[in-house]
Amino acid sequence: SSLQALAIAARALLQGSIAQAIVGGASYCKSDSLVLFSAAQSVSNTGSCPFGRDADGLVTAEGYVALVIKTLSRAIADGDRIRAVIRGIGVSSDGKGKSLWAPRQEGQKLAVERAYPDRGEIGRLDYIEADATSTLVGDATELGALATLLSANLPAGKKIPIGSVKANIGHTLETAGMASLVKVVLALEHDLIPPGSTCADYNDDFDWSAGPFTVPRAALPWPKRADGEARRCAENAFGIGGLNVPLAIVEHVA
């Protein structure tokens, strides 16, 4: 929901109807949401472990985020501190599926393709911030969709670190997409990729040896590139019912 708001604001900026926007997201742990997720058997009994073999659901968290966004040219002209640059936003729906809770690779791939019209950008990624809600089917579906796109655009043998903010703070529901964006910005600023999951063993429904990912067990250094090129990150965000809003994010290099 929060990244849908971001997409609406970005569209208004590009159309020139506004000069800047404050985009916000807010979520709090309300009893009706907990009852709903519990009835759907998607609340964890053990804890949040994205990509894990024993992943059994989400752990809800609260989140309140507000970001100021402008076009890059306007931010430079105004002398703003530019925390990161959003290079692309992809929006799609999964369309008709098996159920409200069942994600589909087709819709997820379409959204990522829309965020990356230049496929060459995919091959230059340094990090992926996944949606990864800590459910076996959802995590495997996302990994499969990403692997299909990455494998076609990455150099042979390259593996990209992948993680999820759900391993760090839990699932902030309506604010989860914005929480992931803030995490990526902080990772760039601190030159550090946080641990990617809390799991001991990985999801058996995905071939990790052949896939283009690695899940950091501990924080990894993310130094600036020696050639001066901007570091790149992909963020995935998926909502209930198949609403997909991934982002292409790069650091700002003057």
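What you see is a predicted model; the values in this text were computed from it and never measured.

**Thoughts on the overall build of the protein**
Stage number 1. Secondary structure assignment for the protein yields seven helices and 13 strands.
Stage number 2. In terms of overall size, the protein behaves like a compact globule, its C-alpha atoms giving a radius of gyration of 17 Å where 254 residues would be expected to give roughly 18 Å.
Stage number 3. Looking at the protein as a whole, 48% of its 254 residues are labelled buried.
Stage number 4. Counting only contacts in the protein whose residues sit at least 6 apart along the sequence, the fraction spanning at least 24 positions is 75%.
Stage number 5. Here the protein has roughly 12,100 Å² of accessible surface; of this, 56% comes from carbon and sulfur atoms.
Stage number 6. Each charge class in the protein can be summarised by its mean position, and for the 24 positive and 27 negative side chains these summaries are 5 Å apart.

**Observations concerning the nonpolar core**
Stage number 1. Phe51, Tyr116, Leu125, Ile128, Leu150, Ile162 and Phe213 are the most contacted members of the largest nonpolar core, which has 23 residues in total.
Stage number 2. Where this core is concerned, the elements lending two or more residues are α4 (105-115), α5 (136-151) and β6 (160-163).
Stage number 3. Sorting elements by how many residues they give to this core places α5 first, with five residues.
Stage number 4. In contact with Tyr116, not counting residues within four places along its chain, are Glu121, Ile122, Leu125, Cys233, Ala234, Leu247, Ala248 and Ile249.
Stage number 5. Counting 22 residues, the second largest nonpolar core, distinct from the first, contains Leu181, Val184, Val185 and Trp222.

**A word on the pairing of strand β13 (residues 247-250)**
Stage number 1. Burial along β13 is two-sided: the face carrying Leu247 and Ile249 and the face carrying Ala248 and Val250 are both buried.
Stage number 2. Judged from the four bridges that link them, strand β3 (residues 85-89) and β13 form a sheet pairing that is antiparallel. By the bridge assignment for β13, Gly88 is matched with Ala248.
Stage number 3. By the bridge criterion, four bridges tie strand β10 (residues 232-235) to β13 in an arrangement that is antiparallel. Within the sheet, the bridge partner assigned to Arg232 lies in β13 and is Val250.

**Points about the sheet that holds strand β12 (residues 243-244)**
Backbone hydrogen bonds hold the strands of a sheet together, and the pairing may be parallel or antiparallel.
Stage number 1. Strand order in the open sheet made by the three strands is β4-β12-β11, with antiparallel pairing throughout. In the strand order of this sheet, the two ends are held by β4 (92-93) and β11 (238-239), each with one partner.
Stage number 2. Note that β11 and β12 share two bridges and pair antiparallel. The partner of Gly239 across the bridge, within β12, is Leu243.

**Observations regarding the sheet that holds β3**
Stage number 1. The sheet built from six strands is open, its strands ordered β3-β13-β10-β5-β6-β8 with mixed pairing. A single partner strand is all that each edge strand has here, and the edge strands are β3 and β8 (213-214).
Stage number 2. Where β6 lies against β8, two bridges are found, and the strand directions are parallel. Counted as the bridge partner of Pro161 is Thr214 from β8.
Stage number 3. Lying over the sheet, helix α7 (residues 176-190) contacts β5 (127-129), β6, β10 and β13, oriented at roughly 155 degrees with respect to β5.

Cut-off values and rules
- Residues numbered from 1 in each chain as written.
- Predicted model: local features only at pLDDT ≥ 70, side-chain atom pairs only at ≥ 80, totals over all residues.
- Heavy atoms only, no water.
- Helix = DSSP H or I, 4+ residues; strand = E, 2+ residues; numbered from the N terminus.
- Rg over C-alpha atoms; globule rule 2.2 N^0.38 Å.
- Buried < 20%, exposed > 50% of the residue type's maximum accessible area, 1.4 Å probe, protein only.
- Contact = heavy atoms within 4.5 Å.
- Areas by Shrake-Rupley, 256 points an atom, 1.4 Å probe, with all protein chains shown as cover.
- Lys, Arg positive; Asp, Glu negative; His and termini not counted.
- Charge placed at Lys NZ, Arg CZ, Asp CG, Glu CD.
- Core = buried A, V, L, I, M, F, W, Y, C linked by side-chain atoms within 4.5 Å.
- Pairing = 2+ DSSP bridges.
- Axes fitted to C-alpha atoms, helices over the stretch in contact; angles between N-to-C directions.

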